[in-house]
Amino acid sequence: MPTPLIPSTPSRLLAEQALSRAAGAPLLSGNAVQLLIDAAAHYDAWLAAIRGAQHRVLLENYIVRDDEVGRAFRDALVERARSGVFVAVVTDWVGCLGQSRRSFWAPLHAAGGEVRVFNPPRLGQPLGWISRDHRKLLVVDGVQGFLSGVCISAKWLGDERRNVPPWRDTGMALQGPAVAELEAAFAQSWGETGAALRPLPAAPVAESPVGEVSLRVIATQPSTAGMYRLDQLIASMARKTLWLTDAYFVGVAPYVQALIAAARDGVDVRLLVPGSSDIPVVAGMSRSGYRPLLKAGIRVFEWNGSMLHAKTAVADDQWARVGSSNLNIASWLGNHEIDVAVEDDGFAGQLAAQYEKDLGNATEIVLASRRRRGGNGDSERVCSSEARRPRVRHGGGSSGRAAAGALRIANSVGAALTNRRVLGDTSSSPLMIGAGVLLALAVVAFLWPAWIGWPLGVIAVWFALNLAIRSWRVRKRRWRELRDAGDDD
């Protein structure tokens, strides 16, 4: 049964206007959406769409790895390119570093396909490489669109031989007017890697809407902060529930305060994060921020599987977000990201049901009182809601770094039926690590100054060379402008 349309009231129109302005994306109606859970479902849907392409395939992904999964995608693209289909691929330089080389794409180049690498280091831009293309996007024939947190790598499938389960991740399949927005986002990334995307024929216009779902496509670019503003606004507008899943949560103060304010106002705010991360330092930073969330009444859960890589939000069973953006500064301000914000109670209900299912494989983190030494009252400690099952290993990180999260002793203790584990004061660990690193650097500087001096010298030469090249380019452009002005006179 189709979702009934909600009457337009002044308050709803005001909310729609605020959301559109915050995200920098209009509300598009008449779409059909499908929720995709975990990599196997993604790969099946993506490969089926590619193999059925008749006109064009536009693929943009942070990581395409040279393994059985990556080669399956490359071979499917090669076959389509040989059949005359226009195939264009954008990958990220950092994401694919050590994952796939230029030779990996040679068969696609030979078949007539085009591949571009986003933002490799360039002379004249000493810090330009920091901005990354973190999108996971596929558009076929202008009528089928996909976006997700899933990269093209066998790591997402786990390893049954080593008892490593698949990574937990979420994405969407789209049809309708939103697909044109996905193509526009791809064209923007393509244009930043070289010449503009060649004109594409318009997709056939459907005689009637393919679906009844209204949504926004938020194609984030560095420094635009569209997704950040939208996340802040949703935290402010949620009335009943706000359930978040994030792979690399490092909450900045304004967003944390928005979540805290919502929780204190009676909103059921929940945060599901990895229990064992492929990037342990980020997991440590995430844990150091648990205490203020828990004290405000926000419920925090850690995933017990190999790796939780999904980036989703669902609020009030009416609004949902799925995409590539994590809740941290890198995604909000530094990277190219792609997300869809859906305003449909049917889809939001699906995502909420999946969230509750995921909590069945997660451990809740809670505050428990403890007696201070000397009997001077009680303090609070962070602990889990039950004894955690031993965490399984995961098959490496989204950046290609193989790093397993160390099991903490407290994860295996506690009452078996209470599902509550005790953590130390997580806020002190990063401070002690930072102090230790700085002390080690000081010792090296005193005893072996050349070990510090040479790296600093190399860095100084790198920046000097880039600044000189940048200065020359600016001056050359200025001379050209003056010469052209003189010719006009």
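See the structure shown above.
Because the structure is a prediction, the values reported are computed rather than measured. (Residues numbered from 1 in each chain as written. Predicted model: local features only at pLDDT ≥ 70, side-chain atom pairs only at ≥ 80, totals over all residues. Heavy atoms only, no water.)

A look at the overall build of the chain
Of the regular secondary structure elements, the chain holds 13 helices and 16 strands. The 489 residues of the chain split such that 48% are buried. For the chain, restricting intrachain contacts to residue pairs at least 6 apart in sequence, the fraction spanning at least 24 positions comes to 80%. Carbon and sulfur atoms make up 58% of the accessible area of the chain, which totals about 23500 Å². (Helix = DSSP H or I, 4+ residues; strand = E, 2+ residues; numbered from the N terminus. Buried < 20%, exposed > 50% of the residue type's maximum accessible area, 1.4 Å probe, protein only. Contact = heavy atoms within 4.5 Å. Areas by Shrake-Rupley, 256 points an atom, 1.4 Å probe, with all protein chains shown as cover.)

So, the packing of helix α6 (residues 226-237) against helix α7 (residues 253-264)
Interhelical geometry of α6 versus α7 gives an angle of 20 degrees and a closest axis separation of 9 Å. One finds that α6 runs roughly parallel with respect to α7. Here α6 and α7 pass one another in a crossing that is left-handed. Facing α6, whose interface residues are Tyr-228, Asp-231, Gln-232 and Ala-235, α7 presents Pro-254, Tyr-255, Ala-258, Leu-259 and Ala-262. Counted by class, the contact of α6 with α7 contains seven nonpolar, one polar and one charged residues. (Axes fitted to C-alpha atoms, helices over the stretch in contact; angles between N-to-C directions. Parallel < 35°, antiparallel > 145°, perpendicular 65-115°, else oblique. Left-handed = near helix turned anticlockwise from the far one by under 90°. Nonpolar A, V, L, I, M, F, W, Y, C, P; charged D, E, K, R; others polar.)

What to know about the side chain of Ser-100
Position of Ser-100 relative to the elements: it lies in the loop between β3 (86-92) and α4 (106-110). Taking the relative accessible area as the measure of exposure, Ser-100 reaches 13% and is therefore buried. Here the side chain of Ser-100 touches Val-64 through a polar contact of 2.7 Å, landing on its backbone oxygen. Apart from residues lying up to four places away in sequence, Ser-100 is in contact with Val-64, Arg-65, Asp-66 and Trp-105. (Polar contact = N/O pair within 3.5 Å; in protein donor to acceptor, adjacent residues only side chain to side chain.)

Focus: the pattern of salt bridges
Under the definition given, this model contains 16 salt bridges. With a closest N to O distance of 3.0 Å, Glu-343 and Arg-216 form a salt bridge. Of the two residues, Glu-343 is situated in strand β14 (residues 337-343) and Arg-216 in strand β8 (residues 213-220); the sequence distance between them amounts to 127 residues. Taking relative accessible area as the criterion, Arg-216 reaches 1% and is therefore assigned buried. Between Arg-321 and Asp-231 there is a salt bridge, with the nearest N and O atoms lying 3.2 Å from each other. One end of the pair, Arg-321, is in strand β13 (residues 319-323); the other, Asp-231, is in helix α6, and 90 residues separate them in sequence. A single burial state applies to Arg-321 and to Asp-231, both of which are buried. (Salt bridge = Lys/Arg side-chain N within 4 Å of Asp/Glu carboxyl O.)

Some points on the nonpolar core
Within the largest apolar cluster, 42 residues are counted, with the highest numbers of intra-cluster contacts made by Leu-77 and Leu-108. For this core, the elements supplying multiple residues, two or more each, are α2 (38-51), β2 (56-61), α3 (68-82), β3 and β5 (136-140). The residues contacting Leu-77, other than those within four sequence positions of it, are Ile-50, Val-57, Leu-59, Val-87, Val-89, Trp-105 and Leu-108. Residues Leu-35, Phe-186, Leu-197 and Val-342 belong to the second largest nonpolar core, which totals 40 residues. (Core = buried A, V, L, I, M, F, W, Y, C linked by side-chain atoms within 4.5 Å.)

Things to note about a positive patch on the surface
A cluster of basic residues, Arg-470, Arg-473, Lys-476, Arg-477 and Arg-480, forms a positive patch on the protein surface. Tracing the backbone shows Arg-480 in helix α13 (residues 449-488). By relative accessible area, Arg-480 is classed as partly exposed at 37%. (Patch = residues over 30% accessible without salt bridge, like charges linked within 9 Å, V, L, I, M, F, W, Y side chains within 5 Å. Lys, Arg positive; Asp, Glu negative; His and termini not counted. Charge placed at Lys NZ, Arg CZ, Asp CG, Glu CD.)

Regarding the pairing of strand β6 (residues 144-148)
The two faces of the sheet receive side chains in turn, since in a regular strand these alternate between them. Along β6, four of the five residues are buried, which leaves the element largely enclosed by surrounding structure. Counting the residues in the hairpin turn of β5 and β6 gives three residues, including Asp-141, whose phi is positive at 60 degrees. Bridge count for β6 against strand β7 (residues 170-175) is four bridges, and the pairing is antiparallel. Across the sheet, the residue bridging to Leu-147 is Met-172, located in β7. (Pairing = 2+ DSSP bridges.)

Structural notes on the packing of α2 against α3
The contact between α2 and α3 brings their axes to 9 Å, and the two run at 15 degrees. For the element pair α2 / α3, the angle class is roughly parallel. With respect to the hand of their crossing, α2 and α3 are arranged in left-handed fashion. Here α2 contributes Tyr-43, Trp-46, Leu-47, Ile-50 and Arg-51 to the contact with α3, which in turn contributes Val-69, Ala-72, Phe-73, Ala-76, Leu-77 and Arg-80.

Some words on the state of the cysteines
Counted according to the given criterion, the structure contains zero disulfides. Unpaired in this structure, Cys-96 has its nearest cysteine sulfur neighbour in Cys-151, at a distance of 8.4 Å. (Disulfide = S-S within 2.5 Å.)

Structural notes on the environment of Asn-335
By the secondary structure assignment, Asn-335 is in the loop between α10 (329-334) and β14. Relative accessible area serves as the criterion here: at 9%, Asn-335 is assigned to the buried category. Between the C-alpha atom of Asn-335 and that of Pro-222, which follows or precedes it by 113 residues, the distance is 5.3 Å. Excluding anything up to four places from it in sequence, Asn-335 contacts Ile-130, Ser-131, Arg-132, His-134, Thr-220, Gln-221, Pro-222 and Ala-330. Here the side chain of Asn-335 touches Arg-132 through a polar contact of 3.4 Å, landing on its backbone nitrogen.

Things to note about the packing of aromatic side chains
Across all of its chains, the model carries ten aromatic pairs by this definition. When the ring of Trp-156 is compared with that of Trp-167, the centres are 4.4 Å apart and the planes differ by 45 degrees; the resulting orientation is tilted. Taken together, the residues span a long stretch of sequence, with Trp-156 in the loop between β6 and β7 and Trp-167 in the loop between β6 and β7 at a distance of eleven residues. Exposure remark for Trp-156: the relative accessible area of 0% places this residue in the buried category. Note on Trp-167: relative accessible area 0%, which makes it buried. (Phe/Tyr/Trp six-rings, centres within 6.5 Å; stacked < 30°, edge-to-face > 60°.)

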